[in-house]
Amino acid sequence: MTPARRGAERVPRRARVTAALLLVAALVSTCGAQGSTRPGAGWASPGLVGGGGWPFNGSPLSPIDAPGASYLRDSSVVRLGNGQIRLIPFGSDTPTTVEPSDSRVSAAVRSDGEWLAHGTVPGYGVPAPGSSAAVTGAAAPRSVPRVPAPPRPPASPQAGAPTAAQPRGVWTRSPERPGGAAVGRGGASAPAPDAAPPDGPLGRTGDLLLPPPDLVAPRPVPPAARPEPQPGGERPGGPSAEPEGAASPEERAAAEEQRARATGYRDMAARSLLDLRLLTRPNGASLASWFGAWRYCWPRDSAFAAAAFAVTGHPSEARRVLRFLARVQHQNGLWAARYNADGSAVTDGRPPQLDSLGWVLWSSWLFRAEQPEEELPELWPMVRRAADHLAGSLGRDGLPPPSSDYMERGSGREQDPNRPTLGVVGPVLAGLRSAAAIADGYGKDGQAAKWRSAAHRLSDAVARHFTPHGYPRSPVAGGLMDTSVTFLSPPFAPADPGVSSAVENAAEKLRLPNGGVLPGEKWPGHKLVAWTPEMALFTLSAATSGRTDEALGRLDWLSRHRTSLGVLPEKVGERGQPAGVAPLGWTASMVVLSLAALERPLPVPPA
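Calculation notes
- Note on numbering: residues in each chain are counted from 1, in written sequence order.
- With the structure being a predicted model, the display of local features is reserved for residues of pLDDT at least 70 and the display and counting of side-chain atom pairs for 80 or more, all residues being used for whole-chain, interface and lining totals.
- Calculated side-chain values reflect all of the structure's heavy atoms, with hydrogen atoms and water omitted.
- Working definition: helices are DSSP H or I runs of at least four residues, strands are E runs of at least two. Numbering for both runs from the N terminus.
- Exposure categories follow from relative accessible area, calculated using a 1.4 Å probe and restricted to protein chains: below 20% of the type maximum is buried, above 50% is exposed, and the middle band is partly exposed.
- Here, two residues are considered to be in contact whenever any of their heavy atoms come within 4.5 Å of each other.
- Criterion used throughout: strands pair if DSSP finds at least two bridges between them.
- Angles run from 0 to 180 degrees between N-to-C directions of axes, and those axes are lines fitted to C-alpha atoms, restricted for helices to the stretch in contact.
- Polar contact criterion, stated in full: a pair of N or O atoms within 3.5 Å, where within protein one must be able to donate a hydrogen and the other to accept it, and residues adjacent in sequence count only if both atoms are side-chain atoms.
- Each Phe, Tyr or Trp ring (for Trp, its six-membered ring) is paired with any other whose centre lies within 6.5 Å, and the angle between the two planes then decides the class: stacked below 30 degrees, edge-to-face above 60, tilted in between.
- Either the NZ atom of lysine or the CZ atom of arginine qualifies as a charge over a ring when it sits within 6 Å of the ring centre and within 35 degrees of the ring normal.
- For each structure, a 1 Å grid was placed over the protein atoms alone; sets of points admitting a 1.4 Å probe that cannot get out are labelled cavities, open sets with protein on both sides within 12 Å along at least five of seven lines are labelled pockets, and lining residues have an atom within 4 Å of a point.
- Grid points are joined across faces, edges and corners, and a volume is the space filled by probe spheres set on the points.
- When residue character is reported, Ala, Val, Leu, Ile, Met, Phe, Trp, Tyr, Cys and Pro are called nonpolar, Asp, Glu, Lys and Arg charged, and the others, Gly included, polar.
- Salt bridges are defined by distance alone: a side-chain nitrogen of Lys or Arg within 4 Å of a carboxyl oxygen of Asp or Glu.
- Here the expected span of a helix is defined as 1.5 Å times the quantity of residues minus one.
- As used here, the arc belongs to the directions running from the helix axis to the C-beta atoms.
- Crossing handedness follows the turn of the near helix against the far one: under a right angle anticlockwise gives a left-handed crossing, and clockwise gives a right-handed one.

The next subject is the overall build of the chain. A count of helices and strands for the chain gives 14 helices and eleven strands. Buried residues in the chain amount to 58% of all 607 residues. Within the chain, contacts between residues at least 6 apart in sequence are counted, and of these 70% link residues at least 24 apart.

Structure below.
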């Protein structure tokens, strides 16, 4: 989702009034429980209810039901404040409220947990603050302090599923092309888990009437807080995680704090992945969120969802998203600004947005790099159409034409209405580089050379038009800074000292008193309301550029400002309260990518 289309000023008055009434009702029902500090500033929903079974249907939980509610651990099943369970049963699209002993509860929890277990959930391997073991995308993974994951009941063994003794591998170079682009990591992908519901509540027969404590997800708290006890009374990692020898009290406290921090990151990643799963329809339409004007598929947002699925070992979901994008793409390579969940284009007068082509190409390359054995026949035709359109769009100055970008506003509102913004140029450059690398992998030397040449022209144009002014949004002297400067940094482009300095400069200019950031300077919306996608973009840039402590600090801020169910919202109010819709898929995707990048390098399209 993008700021302009998500601003409070763009939300219909009826929707704002409804949200305000729901929040008032929630406050009344809880006898003065803490809620929004500003009328009408609360979230549309604290999260989604799911069931774990195909087709992974979701439904928003009303703020009225939020007080005292929590997710059962590693699932989209909600335990309400009164102890009852709300879920969507297998094969249904309507939520129901049942007793904890209902066998459907165990079926849903088990299915969600198995889906997570068949991939990876980043967080436990995140380095401690102040660690010198920064992870960047420029070289092989460095060793980072790892916190062992808590024990989990083993999922049903399946052929091809990765195990602890079968790591996903490391980056390799194409043997056919010495010095060519990295082609991927080894390791087989796991098939979709069996969703057959087990007998008995919570996967056991007749001996559990309530969810055990370890199935209740912890409340969203700062990652440094004390973690919930794990099964068997052990903390994450068990006794083996304690320092060997006679550790001092300070060392033990530091180790405990790092385990708690890592557990908080892991839980945030798990929640984000489960939310992305619910937002992705069976046909591959990945919705920005579940509510009103957000319940659409933007190719930009979908590309990031596919990337998050790809880097966490969920290739079937990534394939569905990319196949959807291939089906709805126009023959000229363009996509509509947004689509309905059924794949039909939304005809609201918005022209195609050129940055979406770059983002889909980057995501397609990342999918190929992470899952080199995965076959996706639709991928190459989609890549060829999009890359040809971008290469052909460059003007005599080497720049693409003006277009809307993630802010979704017409070029007439920009400082330079006749040239593209950095929000268009950055993704287009990443997309052309990614397309050339994909062509290398398919042995399409002619297209690879064509797209690489176009990328060189655009890179030179950036150096002429944007670099002298410090990489502002529009290429003019005194140009305003915005979040799009991160599009020229890893993981979208190789690290560059000048760009890194500009990213830090932009982050400082956009910083708010509540700790978050605005989308850009002279933002036309509320001047004190922070946006989580923009915060997550700065987080991802820091995580992939070796600024580990900065990335951890931003992740801590995002974690602290989740909703009462631990879901990442769209915005954060001036007093720190969650606001806007929740979940927001774009933010969830970038949090997953950031945590993955802190554990092992994310690839960067070769320049």
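Across the sheet, which stays open at both edges, the three strands sit in the order S9-S10-S11 with antiparallel pairing between neighbours. Two strands bound the open sheet, and with one partner strand each, they are strand S9 (530–531) and strand S11 (578–579). Note that S9 and strand S10 (residues 571–572) share two bridges and pair antiparallel. Bridge pairing links tryptophan 531 to lysine 571 in S10.

Let's shift gears to the sheet that holds strand S5 (residues 85–87). With antiparallel pairing, four strands are arranged side by side in an open sheet as S3-S4-S5-S6. Each edge of the sheet is formed by a strand with only one pairing partner; in this case those strands are strand S3 (70–71) and strand S6 (96–98). In this sheet, S5 lies alongside strand S4 (residues 78–79) in antiparallel orientation, the contact comprising two bridges. In the strand pairing of S5, valine 78 is matched with arginine 86. The strands that helix H3 (residues 103–117) touches are S5 and S6; relative to S5, the one it contacts most, it runs at about 60°.

Let us now look at the side chain of glutamate 414. Checked against the element boundaries, glutamate 414 lands in the loop between helix H8 (379–393) and helix H9 (422–442). Here glutamate 414 falls in the buried class, since its relative accessible area comes to 10%. Of the polar contacts made by the side chain of glutamate 414, one reaches the side chain of arginine 473; its length is 2.8 Å. Those residues within four positions of glutamate 414 in sequence are excluded, and the remaining contacts are Arg409, Thr421, Arg473 and Ser474.

The subject of this paragraph is the packing of aromatic side chains. Within a pair of aromatic rings, the relevant descriptors are the distance that separates the centres and the angle that separates the planes. In this structure the tally under the stated criterion is 17 aromatic pairs. Where tyrosine 296 meets tryptophan 298, the ring centres are 6.2 Å apart and the plane angle is 90°; that geometry is what we call edge-to-face. A single burial state applies to tyrosine 296 and to tryptophan 298, both of which are buried. Ring centres of tryptophan 359 and tryptophan 362 lie 6.1 Å apart, and the angle between their planes is 80°; on these two criteria the pair is classed as edge-to-face. In this pair, tryptophan 359 and tryptophan 362 are both assigned in helix H7 (residues 355–370), three residues apart and thus about one turn of the helix distant. We classify tryptophan 362 as buried; its relative accessible area is 1%. Pairwise contacts between aromatic rings join Phe304, Trp359, Trp362, Tyr406, Phe487, Phe492 and Trp586 into one cluster. Against the face of tyrosine 71 rests arginine 271, its NZ or CZ located 3.5 Å from the ring centre. Of note, arginine 368 hangs over the ring of tyrosine 442, and the distance from its end group to the ring centre comes to 4.4 Å.

What follows deals with empty space enclosed by the protein. Evaluation of the coordinates by the stated rule reveals two cavities of 30 Å³ or more. The computed volume of the second largest cavity comes to approximately 30 Å³. In this structure, the second largest cavity is lined by Trp298, Pro299, Arg300, Ala336, Ala337, Gln353 and Ser356. By residue class, the composition of the lining of the second largest cavity is four nonpolar, two polar and one charged.

Time to look at the pattern of salt bridges. The final tally for this structure, using the stated rule, is 30 salt bridges. Between arginine 338 and aspartate 348 there is a salt bridge, and its shortest N-O distance comes to 2.9 Å. Taken together, the residues span a long stretch of sequence, with arginine 338 in the loop between helix H6 (315–328) and H7 and aspartate 348 in the loop between H6 and H7 at a distance of ten residues. Residue classification places aspartate 348 among the partly exposed positions, given a relative accessible area of 33%. Linking aspartate 482 and arginine 473 is a salt bridge whose minimum nitrogen-to-oxygen distance equals 2.8 Å. The pair aspartate 482 / arginine 473 is uniform in exposure class, with both members buried.

Attention shifts here to the side chain of threonine 280. Inspection of the secondary structure assignment puts threonine 280 in the loop between helix H4 (249–279) and helix H5 (299–311). When neighbours within four sequence positions are excluded, threonine 280 is seen to be in contact with Ala285, Ser286, Phe309, Arg320 and Val321.

Attention now moves to helix H10 (residues 445–465). The terminal C-alpha atoms of H10, which comprises 21 residues, lie 30 Å apart, in line with the 30 Å expected from a rise of 1.5 Å per residue. Where H10 is concerned, the buried positions are Ala448, Trp451, Ala454, Ala455, Leu458, Ala461, Val462 and His465. Burial along H10 is one-sided: seen end-on, the buried residues are contained in an arc of 150°. Turning to H10, the residues buried within the fold contact H8 and H9.

The subject of this paragraph is H6. Given a rise of 1.5 Å per residue, 14 residues ought to cover 20 Å, and the 20 Å separating the end C-alpha atoms of H6 matches this to within 8%. Across the 14 residues of H6, eleven count as buried, placing the element largely inside the fold. The complete set of buried residues in H6 reads Pro315, Glu317, Ala318, Arg319, Arg320, Val321, Leu322, Phe324, Leu325, Ala326 and Val328. Tucked inside the fold, the buried residues of H6 contact H3, H5, H7 and H8.

So, on to the packing of H4 against helix H13 (residues 548–560). In contact at an axis separation of 11 Å, H4 and H13 are set at 65° when each is read in the N-to-C sense. Pair H4 / H13 crosses with left-handed handedness. When H4 is examined against H13, the residues Arg261, Tyr265 and Met268 are found in contact with a partner set consisting of Leu552, Leu555, Asp556, Leu558 and Ser559. When the residues that make up the contact of H4 with H13 are grouped by side-chain class, the tally is five nonpolar, one polar and two charged.

Looking now at the environment of serine 364. Checked against the element boundaries, serine 364 lands in helix H7. Spatially, the C-alpha atoms of serine 364 and alanine 303 are 7.9 Å apart, while their sequence positions differ by 61 residues. Reaching out from serine 364, the side chain makes a polar contact with the backbone oxygen of valine 360 at a distance of 2.8 Å.

Here we take up unusual backbone geometry. In this structure, the amide linkage connecting proline 490 to the following residue, proline 491, adopts the cis form with an omega of 5°. Across the junction of alanine 582 and proline 583, the peptide omega takes the value 5°, indicating a cis bond. Counting through the fold element by element, proline 583 comes out in the loop between S11 and helix H14 (585–599). The backbone of aspartate 74 shows a phi angle near 55°, a positive value even though the residue is not glycine. The topology assignment puts aspartate 74 in the loop between S3 and S4. Taking the relative accessible area as the measure of exposure, aspartate 74 reaches 11% and is therefore buried.

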